[in-house]
Amino acid sequence: QVQLVESGGGLVQAGGSLRLSCAASGSIFSINVMGWYRQAPGKQRELVATMTSGGLANYADSVKGRFTISRDNAKNTVYLQMSSAKFEDTAVYYCRYSISARYLEVWGQGTLVTVSS
């Protein structure tokens, strides 16, 4: 069993920065993908960024150059450094842990990010 706990959400002004954290606990498989997704009101949940346990990152076009995903495998924690925040980034951000070969995915509870302008 794996559980995810997100933190770091809140209010940030446009152009500002925010750092989200997601800590995984439980029975962690070393080869996995962790990442961030977001959902704004009236919209579908969408990918923000993911990173494999080997350090390969993937970003949505909308956040490239502004957001940085990183992870600390020793702490089973993934981070999202949000810079140059835009109003359009306002959403609930969800952490995801997955093992594709096992058809397993686990979601965090979400943390709200609000960007004011």
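Preceding this section is the structure that the text describes.
Residues numbered from 1 in each chain as written. Predicted model: local features only at pLDDT ≥ 70, side-chain atom pairs only at ≥ 80, totals over all residues. Heavy atoms only, no water.

Enquirer: Hey, could you run me through the overall build of the protein chain in this one?
Expert: Along the backbone of the protein chain there are zero helices and eleven strands. For 117 residues, the compact-globule estimate of 2.2 N^0.38 gives 13 Å, and the C-alpha radius of gyration of the protein chain, at 14 Å, lies within 12% of that figure. For the protein chain, the residues scored as buried account for 43% of the 117 residues in total. For the protein chain, long-range pairs separated by at least 24 residues make up 52% of all intrachain contacts whose partners lie at least 6 apart in sequence. If you sum the accessible surface of the protein chain, you get close to 6,300 Å²; carbon and sulfur atoms cover 51% of it. (Helix = DSSP H or I, 4+ residues; strand = E, 2+ residues; numbered from the N terminus. Rg over C-alpha atoms; globule rule 2.2 N^0.38 Å. Buried < 20%, exposed > 50% of the residue type's maximum accessible area, 1.4 Å probe, protein only. Contact = heavy atoms within 4.5 Å. Areas by Shrake-Rupley, 256 points an atom, 1.4 Å probe, with all protein chains shown as cover.)

Enquirer: How should the pattern of salt bridges be read in this particular structure?
Expert: Opposite charge on two side chains permits them to pair, given that their charged atoms come into close proximity. Counted by the stated rule, this structure contains five salt bridges. The shortest N-O distance in the salt bridge between Glu 46 and Arg 38 comes to 2.9 Å. The exposure class assigned to Arg 38 is buried, which follows from its relative accessible area of 5%. Among the salt bridges present, the one from Arg 38 reaches Asp 89, with a minimum N-O distance of 2.9 Å. Of this pair, Arg 38 sits in strand S4 (residues 33-39) while Asp 89 is found in the loop between strand S8 (77-82) and strand S9 (91-99), placing the two residues 51 residues apart along the sequence. Pair check on accessibility: Arg 38 and Asp 89 agree, each one buried. Residues participating in the shared-partner salt-bridge network are Arg 38, Glu 46, Arg 66 and Asp 89. (Salt bridge = Lys/Arg side-chain N within 4 Å of Asp/Glu carboxyl O.)

Enquirer: I tried to follow the sheet that holds strand S3 (residues 18-26) on my own but got confused; where do I start?
Expert: Sheets are built from strands that pair by backbone hydrogen bonding, the pairs being arranged parallel or antiparallel. Judged by pairing direction, the sheet is antiparallel, and its four strands sit side by side in the order S1-S3-S8-S7 without closing on themselves. Single-partner strands in this sheet number two, and they are strand S1 (2-7) and strand S7 (67-72). Taken over all neighbouring pairs, the strand axes of this sheet differ in orientation by 15° on average, direction set aside. Sheet analysis places S1 next to S3, joined by six bridges and oriented antiparallel. Residue pairing for S3: Glu 6 is matched across the bridge by Cys 22. (Pairing = 2+ DSSP bridges. Axes fitted to C-alpha atoms, helices over the stretch in contact; angles between N-to-C directions.)

Enquirer: What is the right way to read the environment of Val 92 from this model?
Expert: Along the chain, the position of Val 92 falls in strand S9. Note: C-alpha distance between Val 92 and Gly 110 (18 residues apart in sequence) is 5.9 Å. Dropping the residues within four chain positions of it, Val 92 is found in contact with Tyr 37, Arg 38, Gln 39, Gly 110, Thr 111 and Leu 112.

Enquirer: Is there a simple way to explain the pairing of S3 in this structure?
Expert: A regular strand carries its side chains on alternate faces of the sheet. Where S3 meets S8, six bridges bridge the pair, whose relative direction is antiparallel. Residue Leu 18 lies in a different strand from S8, and its bridge partner there is Met 82.

Enquirer: Hey, could you run me through the side chain of Thr 50 in this one?
Expert: Within the element layout of this structure, Thr 50 appears in strand S5 (residues 46-52). Residues in contact with Thr 50, not counting those within four places in the same chain, are Val 33, Met 34, Gly 35, Tyr 37, Leu 56, Ala 57, Asn 58 and Ile 69.

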